[in-house]
Amino acid sequence: MLTPLQPSRVRRAARWADVRHRGLGMIAYVLNRITGIGLVVYLYLHLAVLSLLAGGPGAWDPFITLARSPLFLVLDVILIAGWLINGLNGVRVTLTGFGVGVGSQKAMFVGLMVVAIAGLIVMALMVFGG
Amino acid sequence: MLDIPLKVFRYKTGQAPGYDVFRVQVAETANVLDAIEAAWAQHDRTLTFRHACHHASCGSCAMRINGVERLPCITPVRDVYRGQGELLIEPLRNFPIVSDLVVDVSGFFRRMSASSLVITRTAETTLPLTADAPGDGLATQPVQIAEGLARFNRFENCVECGICISACPTMATSDKFLGPAALAGIYRARLECDDPAEKARLLELADGEHGVWRCHSGWECSAACPQNVNPAEAIMALRRDLIWHRFKKLFGR
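Bear in mind that the values here come from a model prediction, so they are computed numbers and not experimental data.

Asker: Is there a simple way to think about the side chain of Arg239 of chain B in this case?
Answerer: Structurally, the position occupied by Arg239 of chain B is in helix H9 (residues 231-250). Buried and without a salt bridge, Arg239 of chain B has Asp207 of chain B as its closest oppositely charged side chain, separated by 9.1 Å. Of the polar contacts made by the side chain of Arg239 of chain B, one reaches the backbone oxygen of Cys215 of chain B; its length is 2.5 Å. Beyond its immediate sequence surroundings of up to four residues, Arg239 of chain B is in contact with Gly97 of chain A together with Val212, Trp213, Cys215 and Ser217 of chain B.

Asker: Any chance you could explain the interface of chain A and chain B here in plain terms?
Answerer: Each partner contributes to the interface: chain A provides 27 residues, whereas chain B provides 32 residues. A buried area of about 2700 Å², summed over both sides, lies between chain A and chain B, and 56% of it is on carbon and sulfur atoms. Taken as a group, Leu5, Arg12 and Arg22 of chain A account for 25% of the area that chain A buries against chain B, more than any other trio of residues on that side. Remark: the boundary between chain A and chain B carries 4 salt bridges. Remark: the boundary between chain A and chain B carries 14 residue pairs in polar contact (both at pLDDT 80 or more).

Asker: Quick question: what am I supposed to make of unusual backbone geometry here?
Answerer: Residue and element names in this part refer to chain B. Of note, the phi angle at Glu160 is positive, near 55°, even though the residue is not glycine. With respect to the helices, strands and loops of the structure, Glu160 is situated in the loop between strand S9 (140-142) and helix H5 (163-167). The phi torsion at Trp219 lies on the positive side, around 65°, for a residue other than glycine.

Asker: Could you clarify how one ought to interpret helix H7 (residues 196-206) of chain B in this entry?
Answerer: Since the α-helix advances by 3.6 residues per turn, residues separated by three or four positions end up pointing in the same direction. Residue and element names in this part refer to chain B. Turning to H7, its buried residues are Leu202, Leu203 and Ala206. Projected down its long axis, H7 shows its buried positions confined to an angular sector of 100°, all on one face. For H7, exposure combined with an orientation more than 90 degrees from the buried face picks out Ala197 and Glu204. Buried residues along H7 sit in contact with helix H6 (180-191) and H9. Immediately downstream of H7, the backbone of Gly208 shows phi near 95°, a positive value.

Asker: Would you mind showing me how to read the environment of Leu191 of chain B here?
Answerer: Residues and elements named next belong to chain B. With respect to the element layout, Leu191 can be found in helix H6. Given the relative accessible area of 53%, Leu191 is considered exposed. Sequence spacing of Leu191 and Val24 is 167 residues, and the spatial spacing of their C-alpha atoms is 47 Å.

Asker: I would appreciate a short explanation of the packing of aromatic side chains in the present structure.
Answerer: Here a ring pair, both rings aromatic, is described through the centre-centre distance and the interplanar angle of the planes. All names here are of chain B. The full count for this structure, using the stated rule, is 8 aromatic pairs over all chains. Ring geometry for Phe95 and Phe108: centres 6.1 Å apart, planes at 80°, overall edge-to-face. Of this pair, Phe95 sits in the loop between strand S5 (87-90) and strand S6 (97-99) while Phe108 sits in helix H3 (residues 106-114), placing them 13 residues apart in sequence. The buried category is assigned to Phe95, whose relative accessible area is 4%. Using a relative accessible area of 2% as the deciding quantity, one classes Phe108 as buried. Ring geometry for Phe247 and Phe251: centres 5.2 Å apart, planes at 65°, overall edge-to-face.

Asker: Is there a simple way to think about the sheet that holds strand S2 (residues 18-26) of chain B in this case?
Answerer: Strand pairing in a sheet relies on backbone hydrogen bonds, with the paired strands running either antiparallel or parallel. Residue and element names in this part refer to chain B. Reading across the sheet, the 5 strands line up as S2-S1-S5-S3-S4 and stay open at both edges, with mixed pairing between neighbours. The sheet terminates laterally at S2 and strand S4 (68-70), the two strands that pair on one side only. Adjacent strand axes in the sheet meet at a mean angle of 30°, parallel and antiparallel pairs treated alike. Its contacts with the sheet put helix H1 (residues 32-42) on strand S1 (2-10), S2, strand S3 (63-65) and S5, and the angle it makes with S2 is roughly 100°.

Asker: Teacher, can you tell me more about a nonpolar patch on the surface here?
Answerer: Together, Val40, Leu43, Tyr44, Leu47, Leu50 and Leu53 of chain A give the surface a local cluster of nonpolar side chains, amounting to about 580 Å² of exposed area. Mapping Leu50 of chain A onto the fold places it in helix H2 (residues 24-50).

What counts as what
Residues numbered from 1 in each chain as written. Chains lettered and ligands numbered in written order. Predicted model: local features only at pLDDT ≥ 70, side-chain atom pairs only at ≥ 80, totals over all residues. Heavy atoms only, no water. Helix = DSSP H or I, 4+ residues; strand = E, 2+ residues; numbered from the N terminus. Buried < 20%, exposed > 50% of the residue type's maximum accessible area, 1.4 Å probe, protein only. Lys, Arg positive; Asp, Glu negative; His and termini not counted. Salt bridge = Lys/Arg side-chain N within 4 Å of Asp/Glu carboxyl O. Polar contact = N/O pair within 3.5 Å; in protein donor to acceptor, adjacent residues only side chain to side chain. Contact = heavy atoms within 4.5 Å. Buried area = accessible area lost by both parts, 1.4 Å probe. Arc of directions from axis to C-beta. Phe/Tyr/Trp six-rings, centres within 6.5 Å; stacked < 30°, edge-to-face > 60°. Pairing = 2+ DSSP bridges. Axes fitted to C-alpha atoms, helices over the stretch in contact; angles between N-to-C directions. Patch = residues over 30% accessible without salt bridge, like charges linked within 9 Å, V, L, I, M, F, W, Y side chains within 5 Å. Areas by Shrake-Rupley, 256 points an atom, 1.4 Å probe, with all protein chains shown as cover.

Read these as layout, nothing more, since geometry by itself doesn't imply function.
Rendered as structure tokens:
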């Protein structure tokens, strides 16, 4: 009696992030997942931080001091990077899903990521300069 | 002659999966399937792998070579082995492994038949068909196919090798997803169908959570396909048709 070998669900799910030997489409796919999960985590962190407001100035003001520290500003830039990559890549996925630009999805990804990097540089300068 | 260490995935029922290394000698012009057959012939007759045509027509030998899905029957050893390390041979992903390099493709074929495929290979139907002429057996004569019959040829650009299923990251998490090959089949079947009711049925088949909407645009199916079927483009075209269909329904057309 043959018993087929089935990898565990965790092992199979891990292939979502396996970009070895894969093309640009897969890199875009993984980037969208990583940034998407990051943005969801940020959303809950954001809500948790906002809940500090309920504690009045005594709870809020120390957080604002912390938020202006260089470490926090770096986290802000990472957040902006995630937002830009996910948003712009999302535009590409939406367009191709409507049948637009299907043949040039790789070029679209490269172009949009150039826009994302340019935007990130500008916004990073604003974060650290402002 | 090429001297190659083949690192081959092994699995037998009741045993832990692992790898065996076989050193084989093959001709400079050998394909990877020749090297695997040499390992079987020279080292281990219990090594199991699937193959038939040796020229990319049947798709049965599909496997992963150095981590990449390929048809070993048309992959020259020299293209994938540079003389260092081992040549890694593994079964396709996203299929249950039956034995060594043999995977269970029954689920894949069930999904393919669900799409009621009738696909004509354009590359072959545009060629003049010939057959041996009576007489010396060397000359050929043109074959006339009755009008309307050519479209029922079961020759396909898709050789149903399962490579797209192995390359697809979405298939890794869902066995219910129709998958790139079946969806590409549905698209082609729609293109070649004149019956509005059948076209609508095929579109409905591609709809739903396990149809085109399950695809998350990894594009790996098209990148890996050895026959340039481009399933991702077919999936996107089906989505476009579905969106257009719903849009028209919204306005009562």
